[in-house]
Amino acid sequence: MCTAATYCTKDFYFGRNLDLEYSYRESVTVTPRNFPFRFRYAGECRTHFALIGMAYVAENYPLYYDATNEKGLSMAGLAFWDSAYYAPEQDNGAKQVASYEFIPWVLGQCENLMQARELLAGLRVTNAAFRPELPPSPLHWMIADRSGAIVVEATKDGVKIYDNPAGVLTNEPPFDWQMTNLRNYLTLTPGIPKSTFAENLPLTPYSKGMGALGLPGDLSSASRFVRAAFVRGNSLSSEDEGESVGQFFHILRSVEQPRGCCRLEKGKCEITIYSSCCNADKGIYYYTTYGNSQITAVDMHRENLDGAELISYPLIEAQQIRRMN
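Residues numbered from 1 in each chain as written. Predicted model: local features only at pLDDT ≥ 70, side-chain atom pairs only at ≥ 80, totals over all residues. Heavy atoms only, no water.

K.L.:
What exactly am I supposed to notice about the sheet that holds strand S3 (residues 27-31) here?
P.N.:
Paired through their backbone hydrogen bonds, the strands of a sheet run either parallel or antiparallel. Taken in spatial order, the eight strands make up an open sheet running S13-S12-S11-S8-S7-S6-S3-S18, and their pairing is antiparallel. In this open sheet, the two edge strands, each paired with only one partner strand, are strand S13 (158-163) and strand S18 (311-314). Neighbour to neighbour, the strand axes of the sheet diverge by 30° on average, direction disregarded. Where strand S7 (residues 61-69) and strand S8 (residues 74-79) come together, three bridges link them in antiparallel fashion. Opposite Asp 66, over in S8, you have Ala 76 as the bridge partner. (Pairing = 2+ DSSP bridges. Helix = DSSP H or I, 4+ residues; strand = E, 2+ residues; numbered from the N terminus. Axes fitted to C-alpha atoms, helices over the stretch in contact; angles between N-to-C directions.)

As structure tokens, this is what we get:
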């Protein structure tokens, strides 16, 4: 399970938690403009926008979990186990893309959210696998820039595109249900609440923070959606880069999964494998891992973006502690 979010101060930020019980040894990966993408239906693309994000690199191909391109457009795929439906391949000239290549296919050719909307019109997401031992993961996607965000869901009813004013995404149920569910929490406030219980019964708060009384705290995707939307929607920070990035990680930590709290079969536990925050305007990708809470940064513009080879940075997973004596 996962959570993605957007945030904006002076710059635009996009990131996510990846919550799983295992890791594919993903790495922060920069794809320069001349890396030859071989798309399943569109053929080879040798010139495209440069990307930075988290990917599992297999056979020299970046299978991106989330990424941002050099123009500031960002995209992430999140688990959508029950509702995702990928269509069979067609050979009749239909506009189609395999789910594993969806992120670079969009980010490689779209400068902004408006262009992404246009590209998605009439699209089919197919069930083609990258290779037999890597079957397609059931996902839905959030695409965003500083102008806004959309959610893309491929279901049995076709590809649906939703405006996303909440600026967050989790997992099941589908996005339209999640937005309807937010109405159950419309009385939440970050301020000091006033009693509306009964006119003849004067009640006053006994603690700070009671405006958020009723905010769900469990790890279900529905509860994480509400909590992330509330925290993100009420977050405050200066325009300073360090403070903005730090605030973004605070948003993600409000929905992180500690080991032992989400237990699966055979003694496995789902944890927050990594958290990311990309300054989409500057192309700087920040991350933490479950074992390392220190923020690490990779700047795509310090690489040769006119190159043709992938650049990957393995994650720093051991805890980095600064000792003062």
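Moving on from the coordinates now.
K.L.:
Please clarify how the environment of Phe 12 should be interpreted in this entry.
P.N.:
Here Phe 12 is to be found in strand S2 (residues 12-20). By relative accessible area, Phe 12 is classed as buried at 4%. Along the chain, Phe 12 and Thr 187 lie 175 residues apart, while their C-alpha atoms are 28 Å from each other. (Buried < 20%, exposed > 50% of the residue type's maximum accessible area, 1.4 Å probe, protein only.)

K.L.:
Even after reading the chapter, I still don't get the environment of Met 1, so can you show me in this structure?
P.N.:
With respect to the helices, strands and loops of the structure, Met 1 is situated in the segment before strand S1 (2-8). Along the primary structure Met 1 and Ala 55 are separated by 54 residues, whereas in three dimensions their C-alpha atoms are 17 Å apart. Among residues more than four places away in sequence, those in contact with Met 1 are Leu 18, Asp 19, Trp 81, Asn 171, Ser 221, Arg 224, Gln 257 and Glu 270. (Contact = heavy atoms within 4.5 Å.)

Everything listed here is a matter of coordinates, which is why it stays silent on function.
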